[in-house]
Amino acid sequence: MLDYKKVNNLTGWLVFLVATMVYVLTVEETASFWDPGEFIAVSYKLQVPHPPGAPFFLLIYRMFAFFALGDVLQVAFWMNIASALFSGLTILFLFWSITLFGKKLFQIKSGEESKGQTISLMGAGLIGALAYTFTDSFWFSAVESEVYAMSSFFTAIVIWAFLKWDTIEDPKEENRWMIFIAYLVGLSIGVHLLNLVTLPALALIYYFKKYPNPNLKGGILALAAGGLVLIVINNIIIPGLPSLAGSIEIFFVNSIGLPFGSGIVFFSAAFIGALIYGMLYSIKKQKVVLNTILLSLTFVLIGYGSYALIVIRSNQNPVINENAPKDIISFVSYLKREQYGYRPLLHGQYFDAELIDQKEGAPIYVKGKDKYEIVDYATVNVYDPDRTTLLPRIYSTQDRHKQIYRSKLGLREGQKPTFGDNLYFMFSHQLGHMYWRYFMWNFSGRESDFSDAPWLGISDFFTDKFPDYIKENKAHNNYLMLPLLLGLIGLFFQAKNDPKSFYVNAMLFLMMGVILVLYLNSPPVEPRERDYIYVGSFYAFAIWIGLGVLALAHWIGKLNKNLAFAGIIATLITFPIPVLMASQNWDDHNRRGRFLSVDSARNFLASCAPNAILFTGGDNDTFPLWYVQEVEGFRTDVRVVVLSYFDTDWYVEQMTQQANESAPLPFSLEFRNYRKGTNDVLYVMDRQNLEAISAREYLRLLKNESELLRLSSSGRSTYNMVPSRNLILDVDIEKVYNEGLIPEGMEGIMVDQMNLRVKGNYLTKGNMMLIDLITSNNWERPIYFNNTSLATISLDIEDYVVMEGLTYRLLPVRKPQGMRTELVNTDLAFENVMEKFAFRGMDDPTNYFDDEYRRFTSNHRSAINSIAIALLDEDDLDRAADILKYSLKVMPNEAIPYDLASGQMVPLLFEVGEDDLALDIVEKLSHKSVQMLEFYNRENRDFDREAMISSEMLKFFIPLLDERGYSELSSQIRKDFERVMGPIGGGSMLDRR
C-alpha cells in the first residue's frame with residue numbers, strides 16, 4: 001500500500017521543481033518594462049516605491065540581490081529568480097490544495113487512502129497544478145520582479161493553510177493554525193492586498209466545519225463574517241489605525257502643545273496596553289475564542305509591522321522616495337493611495353452629470369515647524385442629483401473617457417446615458433472585456449498580443465481566417481478549449497459530490513474575479529492589459545481543472561472497477577492539456593535575450609549631455625531609467641524629473657536635494673510658494689493691454705505673494721493667476737554662444753527672447769516649477785525632454801528644442817517657420833545613435849518582443865528617421881544612408897515587424913539611393929496592411945489605430961511609387977486597396993517630408 005503522505009509530499013515537490021525550472025529557464029535577465037524597474041531599484045537600496053508600498057516584498061527581494069555577489073548587472077536577474085521561486089511555491093501549494101479538495105470530494109480520511117485513490121489524487125494535483133503553471137497570466141508575472149508572484153504565493157499558502165486547518169480535530173492545534181494564517185495575512189499586507197479578498201470564501205470553511213448542518217442563512221452570515229474580517233483589516237487596521245493615531249497626534253501637538261510624536265507614543269501605548277489586557281483577561285476567564293481572535297489580531301499587526309520600513313527609509317531621504325511618507329499624516333495619505341483619486345462604487349455620477357457645487361471637506365494637514373498646519377481642504381464635488389445612479393460604472397469626467405463611453409454605448413453627442421447603458425457597460429466592458437476575455441485567454445486561447453486581442457475557441461483552430469501577421473505572432477495561442485472543458489467538468493463534479501467545498505472554491509473564484517472587477521470599477525481604457533490582476537480567480541479555476549481529472553478517474557473506475565488503473569488512464573488522457581499549454585505559451589513567455597527595456601533607458605541617458613536634467617512622462621519612460629541609475633550606476637549625473645510628480649510639493653522638495661552625482665536643481669521659488677495647497681493651479685486670465693509678461697518678473701510676483709496675481713475664491717483657499725499666456729524669457733546670447741551651447745550651423749536661428757507660451761487655460765504647479773527651473777537655471781545645466789513629456793507640458797516650447805538622439809534639448813534657438821521637421825543636432829545625434837546606443841538582441845527573430853517592446857522600437861526607428869531627414873536637408877547623403885541601414889540592421893523586420901516608422905523610412909531610402917531596401921519595406925508592409933484590412937472587414941471589426949495606419953500606409957505608398965517609377969507595384973497596391981476599401985481619396989497623414 002502506498003504511503004499517501006510521502007507520495008503527496010514528494011509529488012508536490014516534484015511539481016514545484018518542474019514549475020520553478022520552467023520559470024528559471026524563461027526568466028527575464030534584466031528589468032522589464034512597467035513596475036519591475038522601479039521595484040528592483042527600490043528593493044536594491046530599500047527605497048520608497050509608489051503607494052501603497054510593498055515593504056516585505058522589498059526586504060525579501062533585497063536578500064535575493066545578495067546572490068549577485070556585487071555584480072550590479074546580475075541584481076535584476078536574481079530578483080527575477082525570486083519571482084520564479086515564489087511562483088514555483090505557489091504551484092506547490094496549489095497541488096496540495098487540489099489533493100486536499102480531492103480527499104474531501106471522495107470523503108477520504110487521513111491514513112485510509114487506497115492505492116487507487118492515491119494515484120487519482122496525485123494525477124488530479126499534477127494536471128491542475130501544471131495547467132496553472134503554464135497559464136498565460138500567471139507565467140507572465142512569474143518571470144519578472146513584480147509583487148504579483150509573491151502575492152500569489154501568499155494567496156496559495158493561506159488557502160492551503162485553511163484547508164489543512166479543516167482536517168485538524170484537536171482544538172488546540174486548530175487555534176495554532178488560525179494564528180499562523182493570521183500571521184501570513186499580516187505579512188501579505190506588506191506585499192499586496194489580493195490575499196485579503198479570499199477571506200469571505202475561507203470563512204465558509206470555518207462555518208461548514210463548526211456547523212455540521214449548514215443552511216442558506218448560516219452560509220450568508222459566514223460570508224458576511226468573512227467580509228467583516230476583510231473590512232476590519234483593509235479599512236480599519238491598514239489605514240484606520242494610522243489615521244486614528246494621526247488624529248490623536250494632531251490633538252496632542254496642536255491643542256495640548258506637546259512635542260511631535262507625543263500622540264503616536266500615547267496611542268501606541270494605549271493600544272498595545274489594551275491588547276495585552278484583553279489577552280490576559282481572555283486567559284483568566286478561559287475565553288478561548290476571544291484569546292484566539294486577539295492573538296490573531298496581534299500576529300496580523302506583527303506582519304503589518306513591515307510598514308515601519310517605509311517610514312524609516314523615507315526619513316533617510318533616499319533618491320526614490322515617492323510621496324515622502326516621513327510622518328504619520330503623509331504616511332496615512334500614502335496608505336490610502338490618495339494621489340490616484342477616487343472611483344465611485346455604490347453611488348455616483350454619470351459621465352454627463354454637471355458639477356453643481358463644490359463643498360469644503362476635511363482639512364488637509366502637513367507637518368510644520370512647531371505644529372501640524374492646515375494647508376488646504378478636501379474638495380467634495382456635488383453633481384446634479386438627477387444624473388447620479390446606484391452602482392455607477394460610466395462615471396469619469398475626463399473628455400477622452402466620455403468619448404469612449406459614447407462610442408462603446410452607441411450614444412450620440414448630447415444623448416444622456418441611462419441606467420441600462422450603465423449596466424451594459426458593466427457587463428460588456430468591465431466584466432466581458434476586462435475579465436471574461438482574460439479568463440478565456442488563459443483557458444481557451446488568445447488571438448495575439450495586439451491591443452484588445454480577443455480569445456480563441458475550438459473553431460478558430462480549424463479555420464484559415466487569420467492573416468499571416470496574426471498567425472506569426474508568438475502570442476497566437478490556442479488550447480482547443482481543453483483546459484476550460486476539463487475545468488468545467490471538475491466544477492460540476494465537485495458541485496454534485498461535494499457542494500460545501502464547491503461553494504468555497506466558487507466564492508474564491510468569484511471574489512478574486514467578478515467581485516474584484518466590480519470593486520475596481522475600471523475606466524473605459526487602460527494603459528495596458530490588466531489580466532495579471534485576476535490570477536487569483538484563475539488559480540481557483542485551476543483547482544477545478546485538477547478535480548476534472550478526478551471526475552474522469554471516477555467515471556472510468558465505474559467501468560473497469562479498478563480505480564488505480566482509472567487514475568492512471570485519466571492522468572494520461574489529460575496530461576496533453578498542460579503539455580499543449582506549455583508548447584503554445586513557451587515562445588511568448590520566454591523572456592531570455594530581451595534587453596530593450598534597459599537599453600532604451602541607457603539610450604535616453606546617453607542622449608543627454610553631462611550633468612543634464614531630463615524630464616520624463618509616465619511609468620515606462622521613468623522606471624527603467626531609475627533602474628539603470630540606481631542599480632547599474634549608469635549616468636547618475638543626469639537628474640531624471642517625472643513631470644507628473646512635479647505637481648507635488650514633496651517631489652519638488654526632493655529636486656532641491658543632491659541625488660547621486662546630480663546637484664540640486666535651481667529654483668527661485670521657496671517651499672512656501674509650492675507647498676501643498678499653494679499654487680496647485682494657476683488660471684490664465686489675460687489682462688487687457690498686456691500682451692506678455694517677463695517670466696522672471698512673474699516668478700518674482702509669485703515669490704512675493706503679490707496681490708496683483710491674487711484671485712478670489714468661494715472657499716477658504718486662494719488662487720493665483722497668470723496675467724498673460726505669453727511669458728517672455730530674456731536670453732544672454734553672448735554667454736550662450738561663448739559657452740558653445742549652440743550647435744554648429746544654428747547660429748542664424750538664435751533668439752534673444754523665448755516665449756514660454758501657456759497652451760491651455762491654466763498652469764499646474766509642475767509647469768510653474770518648470771518655468772522657474774528654465775528661468776533660474778540660466779543655461780547652466782542642459783535641460784532635456786523625452787517625447788512624452790514634451791507633448792504633455794502646458795508650455796508651447798516645441799520650436800525651441802533640438803533633438804540629440806532620443807531626447808530634445810531646450811536651447812535659445814527657434815525652428816524657422818515652414819520647416820516640417822524638428823531641429824536636429826545632426827553631428828551629435830548621429831554619434832549618439834551609431835556609437836552610444838545599445839540594441840542588444842533586437843536583431844534576433846527567436847526573441848519575443850511584445851507590444852511594449854514594439855512601441856519602443858518604433859520610437860527608436862522614428863528618431864533615426866528624424867536624424868536622416870535632417871542629414872538629407874544638409875545634403876549629407878552618405879551619413880543619412882548609413883544611419884538608415886543601421887536601423888534596418890539592428891531592428892530588422894524578421895525580429896521586429898516593420899511599422900509606421902518603417903513606412904516613413906521608405907521615401908528616405910529612395911532619396912539616398914537604397915531603392916531595394918525601400919521596396920522591400922513597401923512589399924512587406926503593403927502585404928500586411930492589405931491582409932489586416934481584409935481581415936477587419938471580413939470579421940466586421942471596428943478599425944482601431946493599427947488598421948487606420950495600415951489604410952494610410954497604402955495611400956502613402958501609391959503616389960510615392962508612381963513618383964519613383966515603380967508604377968507596376970503602385971498599380972497593384974492601388975488595386976488591392978480599392979478592392980478592400982473602395983476609391984482612394986485625400987492624402988496620407990504619414991507624409992513627413
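(A) Geometry of the overall build of the chain. Of the regular secondary structure elements, the chain holds 40 helices and 21 strands. At 31 Å, the chain has a C-alpha radius of gyration in line with the 30 Å of a compact globule built from 993 residues. The principal-axis extents of the C-alpha atoms in the chain amount to approximately 90 × 85 × 65 Å. Split into buried and exposed, the 993 residues of the chain put 58% on the buried side. Sequence separation of at least 24 residues holds for 74% of the intrachain contacts in the chain that already meet a minimum separation of 6. Accessible area for the chain stands at about 41800 Å²; split by element, carbon and sulfur atoms hold 57% of it. Across the chain, the centroid of the 90 positively charged side chains sits 10 Å from that of the 110 negatively charged ones.

(B) Structural context of the layout of surface pockets. In this structure, the second largest pocket spans a volume of roughly 1100 Å³. In this structure, the second largest pocket is lined by 37 residues; those nearest its centre are Met178, Tyr206, Val229, Ile293 and Ser296. For the lining of the second largest pocket, the elements supplying multiple residues, two or more each, are α7 (147-167), α8 (171-189), α9 (199-210), α10 (216-237) and α13 (288-304). Broken down by element, the lining of the second largest pocket gets its largest block of residues, eleven residues, from α10. For the lining of the second largest pocket, a count of residues per class yields 30 nonpolar, five polar and two charged.

(C) Molecular detail of empty space enclosed by the protein. According to the stated counting rule, one finds three cavities of 30 Å³ or more in the structure shown. Every residue along the wall of the largest cavity is listed here: Leu741, Asn777, Trp779, Arg781, Pro782, Ile783, Arg809, Leu810 and Leu811.

(D) Spotlight on the pairing of strand β12 (residues 719-722). Summarising the sheet, strand β9 (residues 681-684) and β12 pair through two bridges and their orientation is parallel. Note on β12: the bridge partner recorded for tyrosine 683 is methionine 721. In this structure, strand β11 (residues 710-711) lies alongside β12, joined through two bridges in antiparallel fashion. Bridge pairing in β12 places leucine 711 opposite tyrosine 719.

(E) Just the sheet that holds strand β13 (residues 727-730), in detail. One open sheet accounts for three strands, arranged β10-β13-β14; its pairing is mixed. Strand pairing shows two members of the sheet lacking a second neighbour, β10 (693-694) and β14 (753-755), which therefore form its edges. In the sheet, β10 pairs with β13 via two bridges, with the strands oriented parallel. Within β13, the residue paired with serine 694 across the bridge is isoleucine 728.

(F) Summary view of the sheet that holds strand β16 (residues 762-764). The four strands are arranged β11-β12-β9-β16 in an open sheet whose pairing can be described as mixed. Of all strands in the sheet, those bounded by a partner on one side alone are β11 and β16. For β9 and β16, the ladder comprises three bridges, and the chain directions are antiparallel. For tyrosine 683, the partnering residue across the bridge sits in β16 and is tyrosine 762. Those strands touched by helix α32 (residues 765-777) are β9 and β16, and its axis lies near 85° from that of β16.

About the criteria used
- Residues numbered from 1 in each chain as written.
- Predicted model: local features only at pLDDT ≥ 70, side-chain atom pairs only at ≥ 80, totals over all residues.
- Heavy atoms only, no water.
- Helix = DSSP H or I, 4+ residues; strand = E, 2+ residues; numbered from the N terminus.
- Rg over C-alpha atoms; globule rule 2.2 N^0.38 Å.
- Buried < 20%, exposed > 50% of the residue type's maximum accessible area, 1.4 Å probe, protein only.
- Contact = heavy atoms within 4.5 Å.
- Areas by Shrake-Rupley, 256 points an atom, 1.4 Å probe, with all protein chains shown as cover.
- Lys, Arg positive; Asp, Glu negative; His and termini not counted.
- Charge placed at Lys NZ, Arg CZ, Asp CG, Glu CD.
- 1 Å grid on protein atoms, 1.4 Å probe; cavity = no way out; pocket = protein on both sides within 12 Å on 5 of 7 lines; lining within 4 Å.
- Points joined across faces, edges and corners; volume = space filled by probe spheres on them.
- Nonpolar A, V, L, I, M, F, W, Y, C, P; charged D, E, K, R; others polar.
- Pairing = 2+ DSSP bridges.
- Axes fitted to C-alpha atoms, helices over the stretch in contact; angles between N-to-C directions.

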